Amino acid sequence: MSYSKGNSGLDLEFKTYRSDPCHVNDEVQSPNTPIDAHYDPKFVSSTLQKIDWRMLPLLGLIASIALIDRANLGVARISGMESDLVRILGDSPTPCIASMIFFPTYVLLEVPGNLILRWLGARCWITICVVGWGAAQVGMAFVPHWGFLCLTRALLGLFEAGYFPAMAFIITTWYKREEVQKRLAAFFLLAYGLAGFGPLLAYAIQLLGDSAGLRGWRWIFLVEGLVTIVLGILSWLYVPDLPSRNTFLTPVETQMVLDRIEADRQDSLPDPITGEKVLEHLCDPLIWLCGELKLFMLPSSSRADTFYYGSALMYLGCMMAIYAMAFFLPVLLRGMGFDRRDSLLLSTPPYLVAVISGFFFAWLADKTKKRALWVFVQTLITIAGTMITAYGQLNGVRYFGLFLVKMGASGSIPGVWAYASLSIIILQRAVSTAVIVAFGGVGGIFSTLVFRQKDHPNYIPGIWAIMACQFMIITLLAINTWIFHRRNKLAAEGKRINEGTPGFFYTL
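Small disclaimer: the values here were computed from a predicted structure and weren't measured. (Residues numbered from 1 in each chain as written. Predicted model: local features only at pLDDT ≥ 70, side-chain atom pairs only at ≥ 80, totals over all residues. Heavy atoms only, no water.)

1. Here we look at the overall build of the chain
Regarding its fold elements, the chain presents 21 helices and 2 strands. Here the chain, with 508 residues, has 59% of them falling under the buried criterion. Element-wise, carbon and sulfur atoms account for 66% of the exposed surface of the chain, whose accessible area totals about 20200 Å². (Helix = DSSP H or I, 4+ residues; strand = E, 2+ residues; numbered from the N terminus. Buried < 20%, exposed > 50% of the residue type's maximum accessible area, 1.4 Å probe, protein only. Areas by Shrake-Rupley, 256 points an atom, 1.4 Å probe, with all protein chains shown as cover.)

Written out as structure tokens, the structure reads:
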């Protein structure tokens with residue numbers, strides 16, 4: 001069995017033999033038999049476990065450091081940074097600028113980052129990103145005033161921009177569609193759970209005080225930055241590339257992975273990057289109106305119609321709630337009357353419960369092969385949590401509401417990622433995952449603007465902003481699901497071919 005793909009620069013040819021123990025049978029397969037049907041399920045399972053352990057723990061750990069690095073400014077501010085740094089802009093709100101300046105560069109490099117990944121390879125690009133933002137984090141430990149802090153925060157956003165869309169893209173290239181969400185959930189929720197200890201870690205580091213001539217808040221940036229650089233080096237050594245470029249699997253294992261992906265969605269090898277294709281994905285204004293472009297290019301004689309859906313806006317709604325909780329959860333707890341120490345300690349449990357909930361819903365989604373249903377359920381959980389947090393009378397009840405917000409919003413992230421990975425060509429997925437994560441950055445900007453100090457202690461406008469984003473998610477989810485259901489029905493009746501691939505049906 002052998003095949004190669006076009007002008008992708010990745011002419012790949014593997015062979016399988018009769019004596020190969022990974023095969024159940026070697027009979028001539030009928031034309032309708034999937035090309036991966038002959039592999040022993042035990043062989044498939046062991047290979048997938050090998051991929052999981054090689055990829056997910058390290059990527060999740062790096063992602064957790066990314067979440068910690070971008071959110072540690074709040075702990076540094078209450079640990080002495082606010083009074084130590086000279087404000088070069090007079091009475092202007094430079095702390096708020098420092099929080100928000102991360103996101104413009106983060107948003108702008110999302111799509112270019114995933115295109116660079118295709119040229120440089122995943123391992124090289126991820127290493128550049130991780131070491132780069134680690135260096136920016138170290139630089140934050142030595143800034144003399146807010147202006148330099150804003151510069152380092154902008155650089156932090158610039159380098160972090162390439163990481164999350166790259167990870168979502170890479171993970172979706174290794175597995176079948178019904179296997180994706182559990183892996184995305186493992187990646188994101190591992191990162192999210194570890195990031196929940198970020199406030200505790202930063203609080204412990206700043207207790208170093210004025211050791212070695214550095215204030216406690218400077219130690220936060222220095223230690224976390226150095227850890228990030230070390231992880232960047234490890235990513236160069238261990239992070240796998242695309243399946244067709246990997247070096248840690250045997251040729252037979254690699255062939256099996258490629259056969260499974262080819263049988264599932266016919267994009268086991270990358271399609272070539274061209275400026276025309278990228279512009280086709282990006283130029284239509286509806287991509288920015290509706291969120292994400294979903295386009296498959298076919299010859300003019302059989303060209304499928306283009307369609308658009310709001311995956312990126314759904315991701316914006318999820319990330320708005322995530323960032324709001326990351327930046328303002330201790331603030332909300334302080335508004336309930338807890339002191340600084342208790343506010344930081346109480347910030348961690350909602351993260352841990354959210355990880356358990358997220359894994360459960362990811363398992364349900366892959367088990368039932370449904371995406372939209374479980375994103376909808378988790379969005380309802382987020383809405384319930386925001387209502388309880390806003391209008392609960394007792395602090396214990398309001399704190400329970402924060403658990404629900406964390407559970408619903410964090411579990412929806414891998415759901416939206418998996419929902420959007422229904423693209424079946426790799427370049428499409430490279431562009432779409434980047435656009436989706438870029439919109440998440442817009443959600444981050446939004447979250448920094450709606451929780452205003454004048455709304456202390458309940459922050460009702462900010463909480464309602466979270467709720468409005470959840471209603472937007474439900475609306476877009478309903479539109480998308482209706483479109484996919486209608487097209488699946490037409491495909492089943494033989495009246496259309498989805499994505500130019502006979503027998504392809506969207507996962508609802």
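2. Details of the environment of Val331
The topology assignment puts Val331 in helix H15 (residues 311-335). By relative accessible area, Val331 is classed as partly exposed at 30%. Placed 127 residues apart in sequence, Val331 and Asn458 show a C-alpha to C-alpha distance of 9.8 Å.

3. A word on the state of the cysteines
Following the criterion strictly, the structure yields 0 disulfides and no others. A disulfide-free cysteine, Cys469 has its sulfur positioned 9.3 Å from the sulfur of Cys318, the nearest such atom. (Disulfide = S-S within 2.5 Å.)

4. As for the nonpolar core
Ile51, Tyr163, Phe164, Trp174, Phe187, Trp417 and Phe451 are the most contacted members of the largest nonpolar core, which has 119 residues in total. Sorting elements by how many residues they give to this core places H15 first, with 18 residues. Discounting residues that sit within four places of it in the chain, Phe451 has contacts with Ala324, Phe328, Leu332, Tyr459, Gly462, Ile463 and Ile466. Membership of the second largest hydrophobic core comes to 22 residues, among which are Leu85, Val138, Cys150 and Ala202. (Core = buried A, V, L, I, M, F, W, Y, C linked by side-chain atoms within 4.5 Å. Contact = heavy atoms within 4.5 Å.)

5. Points about the packing of aromatic side chains
A complete count under the given rule lists 13 aromatic pairs for this structure. The interplanar angle of 70° and the centroid separation of 5.5 Å between the aromatic rings of Phe360 and Phe361 together place this pair among those described as edge-to-face. Residue classification places Phe360 among the partly exposed residues on the basis of a relative accessible area of 45%. Centre to centre, the rings of Phe360 and Trp363 are 6.5 Å apart; their planes meet at 25°, and the pair counts as stacked. Within this pair, Phe360 and its partner Trp363 are both found in helix H17 (residues 348-368), separated by 3 residues, close to a single helical turn. With a relative accessible area of 43%, Trp363 lands in the partly exposed category. Each residue in the set Phe102, Phe103, Tyr106 and Tyr323 is aromatic and connected to the rest through ring pairs, giving one cluster. Residue placement shows Arg123 over the ring face of Trp236; its charged tip is 4.1 Å from the ring centre. Over the aromatic face of Tyr351 sits the side chain of Lys406, whose NZ or CZ is 3.4 Å from the ring centroid. (Phe/Tyr/Trp six-rings, centres within 6.5 Å; stacked < 30°, edge-to-face > 60°. Lys NZ or Arg CZ within 6 Å of the ring centre and 35° of its normal.)

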